[in-house]
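# Remarks on the overall topology
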Amino acid sequence: MKKIIILDRDGVINYDSSEYIKTPDEWHPIPGSLEAIAQLNRADFFVMVATNQSGVGRGYYDIATLDQIHEKMQKELASVGGHIEEIFFCPHLPAEHCLCRKPAPGMLLRIQQKYNIDLATVFFIGDKLTDVQAARAAGCKSLLILSAMEKAVTAAHPELIDVPRFGNLSEAVEFVIQSNEKFSP
């Protein structure tokens, strides 16, 4: 069976911005995040990304620019020996109520269908309440990165009390790898 892990992008792999990441020059990895992905690759995980990108729907950037941002991310990952297998994104606005925008589980269900996996065995690492909600709706195991944006939200949502929390992606990856080793035959 394939070992797959799903990551949110903004706030997990790279710094998030209330102004959106609109160009490759605005995309900056969080220290240690690229190395953490490379560590997952070395542990034989297929790394997927599921990211809301409403900046496309808002007209802040187009799909070609989003592709350039992702090319930069993949290039920087390659420089530390890592890669992302596939990036799934939702370009829609929240008001469109699509099935792919987190907290809806659509992107995660697409990964399940395409890769023929049991999502109950898959960790989804995000930094927002909507990531946890999408993971739960899809049946994934949710982990939460406590970004500056999410610390206040977490305190206000008691339903997040049982979600393991980490300071950064590196810490979460250590947990995933140790958990995988513990339950591997």
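Quick caveat: nothing in here was measured; it's all calculated off a predicted structure.

Thresholds applied
- Residues numbered from 1 in each chain as written.
- Predicted model: local features only at pLDDT ≥ 70, side-chain atom pairs only at ≥ 80, totals over all residues.
- Heavy atoms only, no water.
- Helix = DSSP H or I, 4+ residues; strand = E, 2+ residues; numbered from the N terminus.
- Contact = heavy atoms within 4.5 Å.
- Areas by Shrake-Rupley, 256 points an atom, 1.4 Å probe, with all protein chains shown as cover.
- Lys, Arg positive; Asp, Glu negative; His and termini not counted.
- Charge placed at Lys NZ, Arg CZ, Asp CG, Glu CD.
- Buried < 20%, exposed > 50% of the residue type's maximum accessible area, 1.4 Å probe, protein only.
- Polar contact = N/O pair within 3.5 Å; in protein donor to acceptor, adjacent residues only side chain to side chain.
- Phe/Tyr/Trp six-rings, centres within 6.5 Å; stacked < 30°, edge-to-face > 60°.
- Lys NZ or Arg CZ within 6 Å of the ring centre and 35° of its normal.
- Core = buried A, V, L, I, M, F, W, Y, C linked by side-chain atoms within 4.5 Å.
- Pairing = 2+ DSSP bridges.
- Right-handed = clockwise from strand over helix to strand, strands pointing away.

## Details of the overall build of the protein
When helices and strands are tallied, the protein shows seven helices and six strands. Scanning the protein from its N terminus toward the C terminus, one meets helices and strands in the order β-α-β-α-α-β-α-β-α-β-α-β-α. For the protein, contacts bridging at least 24 residues in sequence account for 63% of all contacts bridging at least 6. For the protein, the accessible area works out to roughly 8,900 Å², and carbon and sulfur atoms hold 55% of it. Where the 18 positive side-chain charges of the protein centre and where its 24 negative ones centre are 3 Å apart.

## With respect to the side chain of S33
Looking at the element boundaries, S33 is found in helix α1 (residues 33-42). Judged by its relative accessible area of 1%, S33 falls in the buried class. At a separation of 2.8 Å, a polar atom in the side chain of S33 contacts the main-chain carbonyl oxygen of I30. Here S33 is in contact with V12, I13 and L169, once residues within four sequence places are set aside.

## Comments concerning the packing of aromatic side chains
Under the defined criterion, the tally for this structure stands at three aromatic pairs. Geometrically, the ring pair formed by F123 and F175 is edge-to-face, given 6.1 Å between the ring centres and 80 degrees between the ring planes. Note that F123 is positioned in strand β4 (residues 123-126) and F175 in helix α7 (residues 169-183), a separation of 52 residues in sequence. Of the residues examined, F123 reaches a relative accessible area of 10% and is grouped as buried. Overall, F175 belongs to the partly exposed group, its relative accessible area being 29%. Taking the centre distance of 5.3 Å and the plane angle of 50 degrees together, the rings of F166 and F175 count as tilted. Using a relative accessible area of 12% as the deciding quantity, one classes F166 as buried. Site record: aromatic cluster; members linked through ring pairs are F123, F166 and F175. Geometry around F45 places K3 over its ring, the cationic atom sitting 4.7 Å from the centre. Its guanidinium or amino end placed over the ring of F123, K141 lies 4.3 Å from that ring's centre, counting from NZ or CZ.

## Brief notes about the nonpolar core
The biggest cluster of nonpolar side chains holds 28 residues, and the ones touching the most others in it are I5, I13, I84 and I125. Put simply, the parts of the chain that give this core at least two residues each are β1 (3-7), α1, β2 (45-52), α3 (63-78), β4, β5 (141-145) and α7. Ranked by the residues each element gives to this core, the list is headed by α7, at five residues. The contact partners of I5, leaving out residues within four places of it in the chain, are L40, F45, F46, V47, M48, V122, F123, I125 and V176. Counting residues in each nonpolar core, the second largest holds 20 residues, with C90, L108, Y115 and A138 among its members.

## A few points about the pairing of β5
Counting buried positions along β5 gives four out of five residues, so the element sits mostly inside the fold. Two strands pair when backbone bridges link them, and β4 and β5 are joined in this way by four bridges, in the parallel orientation. Bridge pairing in β5 places F124 opposite S142. Of the crossover connections in this fold, the one passing from β4 over helix α5 (residues 129-138) to the parallel β5 is right-handed.

## A closer look at the environment of L143
Structurally, L143 is set in strand β5. Separated by 26 residues in sequence, L143 and L169 have C-alpha atoms that sit 9.8 Å apart. Excluding its chain neighbours within four sequence positions, the residues that come into contact with L143 are F123, F124, I125, G126, V163, P164, F166, A172, F175 and V176.

Just geometry here; none of it tells us what the structure is for.
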